[in-house]
Amino acid sequence: MRMGVLDVGSNTVRLVIAETDGAVPLPVHTAKRRLRLSAHVERGGHLPAEQVDLLVEAVKEARHEGKRWGVAQPFAFATAIVRDAPNRSEVLGRIAAEGGVPLHVLPGEVEAELTFLAARRWMGWRAGPLALLDIGGGSLEVAFGRSRLPDFAISLPLGANRLTREFFRSQDPPSPHRTRLLRRHVRHQLRDVAARIRWEAPRTAVVTSRVFQQLGRLCGAAPGRSGPFTSRSMTRADLGRAVQQLAALPAAERALLPGISLARAPQSLAGAIVAHTTMKLMGIDEVAVCPWALREGVLLRCIEDGSSDWWDAYGLHAEEAAAEAGATAPMLLRPLREAEPGRVPTTASSGQRPG
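What you see is a predicted model; the values in this text were computed from it and never measured. (Residues numbered from 1 in each chain as written. Predicted model: local features only at pLDDT ≥ 70, side-chain atom pairs only at ≥ 80, totals over all residues. Heavy atoms only, no water.)

Q: Tell me about helix H7 (residues 210–218), residues and numbers included.
A: Those residues of H7 that sit buried are Val211, Phe212, Gln214, Leu215, Gly216 and Leu218. Considering only its buried residues, H7 is in contact with strand E6 (130–135), helix H5 (160–168), strand E9 (204–208), strand E10 (233–235), helix H8 (236–247) and helix H10 (265–282). Positive phi shows up at glycine 220, right after H7, with a value of about 110 degrees. (Buried < 20%, exposed > 50% of the residue type's maximum accessible area, 1.4 Å probe, protein only. Helix = DSSP H or I, 4+ residues; strand = E, 2+ residues; numbered from the N terminus. Contact = heavy atoms within 4.5 Å.)

Here it is, written out as structure tokens:
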């Protein structure tokens, strides 16, 4: 059986087709279209009509591509770039009506939980108590757990694209003063979450996302051509040196460094600062770089549950119900881990430390 995942992110719209007959989603085809939505976000986070037009066309193309590979309707979701947009309902409505695909909005905490599931399956049970870090364009996801799904998961507005716009928009390279301001902002946002991770004392720390993969390559990890099964890691000391290197260069010159793509070069410094500051505050000296992330987590959840019923809670109908209730969709949705039999919900996602 084949399944597809369509991921609308800050930079690209990516389709992944995978064989799911076994316990592992095996990719058979991938396609992407680079839209760089985050570069065109208007003041207040609105997605302009021109970019929504491009997004609708990209979704149409991905749907036709999926059909060619035997997937009639992919699991389609949008991350923070759409989730945080004030005109989110309009965007979702147009994509459903014109693109023919119901684009789901996943709360950040659910993104963290699904990514944790993917990392857990990739790393295996020998990893023990596991901490997960995932830096996207709009948010940073953090999770910790000892089992299949995390005991603690949270999403913070510390994405590489978001912070580049807020702190470095007019400076390339940014001044030391702006860099210090960003680091101070990250420390403030992470204070309580970092205390929780230090308290849990994870045995293994794992990172996912293109931001971390490119930083890992810059810090000496093997290139992508070595294949997904090559072990990759990154130390905090190496990352600290990478921050200094990136801070001294304009974006065009960063793109010449190992692992740093031209499209992501402008946000690479902000991503590196978030990564290094997070590791330092959490007392993490080294991380493993995992090739599986949110897309694989969606597929694994469906494979292991034998059903996609849980997915329906995040569709357009949830958005409409939220609007009628005068709330936002994420407020109406339960975290996945609370649906696990015998699991006691935690309050730690609000940033509280255990008593």
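Q: Mind laying out the side chain of threonine 12, listing which residues take part and the relevant values?
A: With respect to the secondary-structure elements, threonine 12 resides in strand E2 (residues 12–19). Other than its neighbours up to four places away in sequence, threonine 12 contacts Asp7, Lys32, Arg33, Arg34 and Leu35.

Q: Go over the packing of aromatic side chains, please, and point to the residues and values.
A: Counting across every chain of the model gives five aromatic pairs. Taking 5.5 Å as the distance between ring centres and 15 degrees as the angle between the ring planes, the aromatic pair formed by tryptophan 122 and phenylalanine 229 counts as stacked. Placement of tryptophan 122 in helix H4 (residues 108–123) and of phenylalanine 229 in the loop between H7 and E10 is noted, with a sequence separation of 107 residues between them. Every member of this aromatic cluster is reached through a ring pair, and the members are Phe75, Phe77, Trp310 and Trp311. For arginine 301, the ring lying beneath its charged end belongs to tryptophan 310, and the centroid distance is 5.7 Å. (Phe/Tyr/Trp six-rings, centres within 6.5 Å; stacked < 30°, edge-to-face > 60°. Lys NZ or Arg CZ within 6 Å of the ring centre and 35° of its normal.)

Q: An account of the environment of proline 174 is needed here, citing residue identities and associated values.
A: Looking at where proline 174 falls in the secondary structure, it is placed in the loop between H5 and helix H6 (176–200). Residue proline 174 is classed as buried on the basis of its relative accessible area of 7%. Spatially, the C-alpha atom of proline 174 lies 9.0 Å from that of leucine 249, the residues being 75 residues apart in sequence. Leaving out residues up to four positions away in the same chain, proline 174 has contacts with Phe168, Thr179, Ala247, Arg254 and Leu269.

Q: I'd like to hear about the environment of arginine 36, residue by residue, with values.
A: When you line up the elements, arginine 36 lands in the loop between strand E3 (26–34) and helix H1 (49–68). In sequence terms arginine 36 and glycine 9 are 27 residues apart; their C-alpha atoms lie 8.5 Å from each other. Beyond its immediate sequence surroundings of up to four residues, arginine 36 is in contact with Ser10, Asn11 and Ala263.

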